[in-house]
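# Observations on chain architecture
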Amino acid sequence: VTNPETGEVQALLGGRDPRFAGYNRALDAVRQVGSIIKPAVYLTALERPSQYTLTTFIKDEPFSVKTGDGQVWRPQNYERDSHGTIFLYQGLAHSYNLSTARLGLDLGVPEVLKTIERLGVSRSLPPYPSTLLGAGALTPMEVATMYQTLANGGFNTPLRSIRSVLASDGEPLKRYPFQIQQRFDPGAIYLTQYAMQRVVREG
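This report concerns the structure included in the present document.

What counts and how
- Residues numbered from 1 in each chain as written.
- Predicted model: local features only at pLDDT ≥ 70, side-chain atom pairs only at ≥ 80, totals over all residues.
- Heavy atoms only, no water.
- Helix = DSSP H or I, 4+ residues; strand = E, 2+ residues; numbered from the N terminus.
- Contact = heavy atoms within 4.5 Å.
- Polar contact = N/O pair within 3.5 Å; in protein donor to acceptor, adjacent residues only side chain to side chain.
- Buried < 20%, exposed > 50% of the residue type's maximum accessible area, 1.4 Å probe, protein only.
- Arc of directions from axis to C-beta.
- Phe/Tyr/Trp six-rings, centres within 6.5 Å; stacked < 30°, edge-to-face > 60°.
- Lys NZ or Arg CZ within 6 Å of the ring centre and 35° of its normal.

## Notes on the environment of threonine 56
With respect to the helices and strands, the residue threonine 56 is situated in the loop between helix 2 (38–46) and strand 2 (57–60). Measuring from C-alpha to C-alpha, the distance between threonine 56 and valine 143 comes to 28 Å, with 87 residues separating the pair along the chain. Ignoring anything within four residues of it in the chain, the contact list for threonine 56 reads Gln51, Ile86, Phe87 and Leu88. One polar contact links the side chain of threonine 56 to the main-chain amide nitrogen of threonine 53, over a distance of 2.7 Å.

Following this line, the structure appears as structure tokens:
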């Protein structure tokens, strides 16, 4: 649990036993993120308002891509169906794989990876089409960092769990000042947030 405005970690649970001092799943468990990555694809598109809006038509139809190693990648929607031509926001609201992957490939996988990095993720993700649908792996802390920037209107505030260090008499030895950096246009973030809210309303 983090404060969207300050980046302060307010709660962190690493496993079932809070007294266990070993493997901390919140910090150390690197797992495929799946659809959690999709807002980055749509944010990349919405940063190009001359090309994409929430009501731009995109296709949610089957396709295949030949990868660099000669393999053929054929993404599928969760229910193995397709929905034809849809509004851009519907691709995120309903978490459609086909339209998201098509959009990400049109934008370029490297461009989406740059967006993920600007959201605050420092870990390198593989530059493959499947990464657009969450084949890359992150820790829960890294995902929280990414969503922190989305929640804070495009302002990146690095997560921190220490505000200051005090001596035994209460005098501060070191302070960790609040850091903030604008990484995205607030308009593009607002539109992405709106599409994410539609997940709850109709997705």
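Here the narrative resumes, following the displayed structure.
## Details of helix 5 (residues 109–118)
Considered for burial, the residues of helix 5 that qualify are Val109, Val112, Leu113, Thr115 and Ile116. What you see down the axis of helix 5 is that its buried residues fit within an arc of 155°, all on one side. Facing away from the buried side of helix 5 by over 90 degrees, the exposed positions are Pro110 and Glu117. Each element contacted by the buried residues of helix 5 is listed here: helix 2 and helix 4 (97–107). Within two residues after helix 5, glycine 120 carries a phi angle of roughly 120°, on the positive side.

## Some words on the packing of aromatic side chains
Following the criterion strictly, the structure yields three aromatic pairs and no others. Both rings, one in phenylalanine 63 and one in tryptophan 73, keep their centres 6.3 Å apart while their planes meet at 80°; by these two values the pair is edge-to-face. Of this pair, phenylalanine 63 sits in the loop between strand 2 and strand 3 (65–66) while tryptophan 73 sits in strand 4 (residues 72–73), placing them ten residues apart in sequence. For the ring pair phenylalanine 87 and tyrosine 89, a centre distance of 6.2 Å and an interplane angle of 15° mean the geometry is stacked. Phenylalanine 87 sits in the partly exposed class, given a relative accessible area of 30%. A relative accessible area of 12% means that tyrosine 89 is categorised as buried. Within the aromatic cluster, the residues linked to one another by ring pairs are Phe57, Phe87 and Tyr89. In this structure, lysine 174 packs its charged tip against the face of tyrosine 176, placed 5.5 Å from the ring centre.

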